[in-house]
Amino acid sequence: MKLIIVEYPDKRLKEKSKLIERFDKELHELLDSMYEAMIKSNGIGLAAIQVGHAKQALLLNIPDEEDKQSMETLIEMINPVITQKSGETVYQEGCLSVPSFYEDINRYENIIVNYQDRDGNTKTIEADGLLSIAVQHEIDHLNGILFIDKLSYSRRKKFEKEYKRVQKEKKLSKE
Ligand code: QAP
Ligand code: CO
C-alpha cells in the first residue's frame, strides 16, 4: 500500500477517527505501510488520518539514547485512551502534516494510556518525557486536532502568514 502524507490545510486532518473493531490483515497492512511512510519522512510519530484513514491507529518510534530509531522500539496503538494525566511540560513540537514548522506546546508530563495492539490485546503504558508528548500529539490527531490549534490567537496568525509564504516558495521551486 502506497501512502501519501496529508498536509495542512487539508480538511481530512479535522476528521474524528473511528474505533477499530477488526484486527485483520487489512489493519496490519495499513500499519506496515504507515511505518514505511513515517520512516521515509523522518517522523517519530504518525496517526492513520495523516495518511487519509480515519481510524484510531497511531505509531510512535522515539529514538534511543544514541538517537537511533529501530523497529524494536516501535509502538503501535489502536483505540488509545488516556486514563490518567499529571504535571506540565513544554516542548517544541513539529508534525509531518505541518512541514517545516515548530512551536512550543504545553502538554501533561506524565500519562497512563490504555490501548490495543495490532492483534486486539489490551495494553497499558505509563509514559513520560518525549514519549508522553508524542502520545498526546498523536491522540489529538485522532480527535481532529493539530498542534497549531493549541497556539494563542497571535501566534496562530503569525503561523498562517508564514506557512502560506513557505507553501508558495515550495510551489515556485517545483516549477
Ligand atoms: C509528533 O512529529 C511529535 O516539520 C511527531 O520537516 C512532535 O514526527 C512527537 C517532521 C513533537 C513528539 C514531539 C516534521 C519531519 C516530523 C517536519 C514528527 C519535517 C520533517 C515530525
Ligand atoms: Co502530527
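The rules behind the values
- Residues numbered from 1 in each chain as written.
- Chains lettered and ligands numbered in written order.
- Predicted model: local features only at pLDDT ≥ 70, side-chain atom pairs only at ≥ 80, totals over all residues.
- Heavy atoms only, no water.
- Helix = DSSP H or I, 4+ residues; strand = E, 2+ residues; numbered from the N terminus.
- Buried < 20%, exposed > 50% of the residue type's maximum accessible area, 1.4 Å probe, protein only.
- Contact = heavy atoms within 4.5 Å.
- Salt bridge = Lys/Arg side-chain N within 4 Å of Asp/Glu carboxyl O.
- Donors = N, O, S within 2.8 Å, 3.2 Å for Na, K, Ca; no water.
- Phe/Tyr/Trp six-rings, centres within 6.5 Å; stacked < 30°, edge-to-face > 60°.

Q: Explanation requested: the side chain of Ser 132 in the structure shown.
A: By the element assignment, Ser 132 lies in helix α2 (residues 129-142). Take Ser 132: its relative accessible area is 0%, and that puts it in the buried class. Once you skip the residues sitting within four places of it in the chain, Ser 132 turns out to touch Tyr 108, Glu 109, Asn 110, Ile 111 and Ala 127.

Q: Is there a simple way to explain the pattern of salt bridges in this structure?
A: Proximity of charged atoms lets side chains of opposite charge pair with each other. In the structure shown here, the tally under the stated rule is 16 salt bridges. Glu 26 serves as the salt-bridge partner of Lys 55, at 3.6 Å between the closest nitrogen and oxygen. In this pair, Lys 55 is assigned in the loop between β1 (45-47) and β2 (57-60) and Glu 26 in helix α1 (residues 25-40), connecting sequence segments 29 residues apart. Residue classification places Lys 55 among the partly exposed residues on the basis of a relative accessible area of 28%. Residue class for Glu 26 comes out partly exposed when judged on its relative accessible area of 47%. In this structure, Arg 156 engages Asp 149 in a salt bridge whose closest nitrogen and oxygen atoms are separated by 3.0 Å. Judged by relative accessible area, Asp 149 falls into the partly exposed class, the value being 33%.

Q: What is the right way to read the coordination of the cobalt ion (ligand 2) from this model?
A: Six octahedrally arranged donors around a metal ideally form angles of 90 or 180 degrees; four tetrahedrally arranged donors ideally form angles of 109.5 degrees. The protein atoms that coordinate the cobalt ion (ligand 2) are Cys 95 (SG), His 137 (NE2) and His 141 (NE2), at distances of 2.1 to 2.2 Å. Counting gaps between the donor residues of the cobalt ion (ligand 2) yields the pattern C-x41-H-x3-H. Highlighted residues: His 137 and His 141, both in helix α2, separated by 4 residues, approximately one helical turn. His 137 gets classed as buried once you look at its relative accessible area, which sits at 6%. The exposure class of His 141 is buried, given its relative accessible area of 1%.

Q: Would you explain the packing of aromatic side chains in this entry?
A: Evaluation of the coordinates by the stated rule reveals 5 aromatic pairs. When the centroid spacing of 5.3 Å and the interplanar angle of 85 degrees are considered together, the rings of Phe 101 and Phe 159 count as edge-to-face. Linking Phe 101 in the loop between β4 (89-93) and β5 (103-107) with Phe 159 in helix α3 (residues 153-174), this pair joins segments that are 58 residues apart in sequence. Between Phe 159 and Tyr 163, the ring centres sit 5.1 Å apart and the planes meet at 35 degrees, which makes this aromatic pair tilted. Here Phe 159 pairs with Tyr 163, and both are found in helix α3, just 4 residues apart, close to one helical turn. Ring-pair connections join several aromatic residues into one group, and the members of that group are Tyr 8, Phe 101, Phe 159 and Tyr 163.

Q: I'm lost on unusual backbone geometry in this one. Help?
A: What you tend to see is this: most non-glycine residues have negative phi, and most peptide bonds are trans. A cis amide bond links Tyr 8 to the next residue, Pro 9, at an omega of 10 degrees. Inspection of the secondary structure assignment puts Pro 9 in the segment before α1. A positive phi angle, close to 65 degrees, is found at Asp 67, a residue other than glycine. Within the fold, Asp 67 resides in the loop between β2 and β3 (75-86). Exposure remark for Asp 67: the relative accessible area of 65% places this residue in the exposed category. Of note in this structure, Ser 100 is not a glycine but carries a positive phi near 75 degrees. Mapping Ser 100 onto the fold places it in the loop between β4 and β5.

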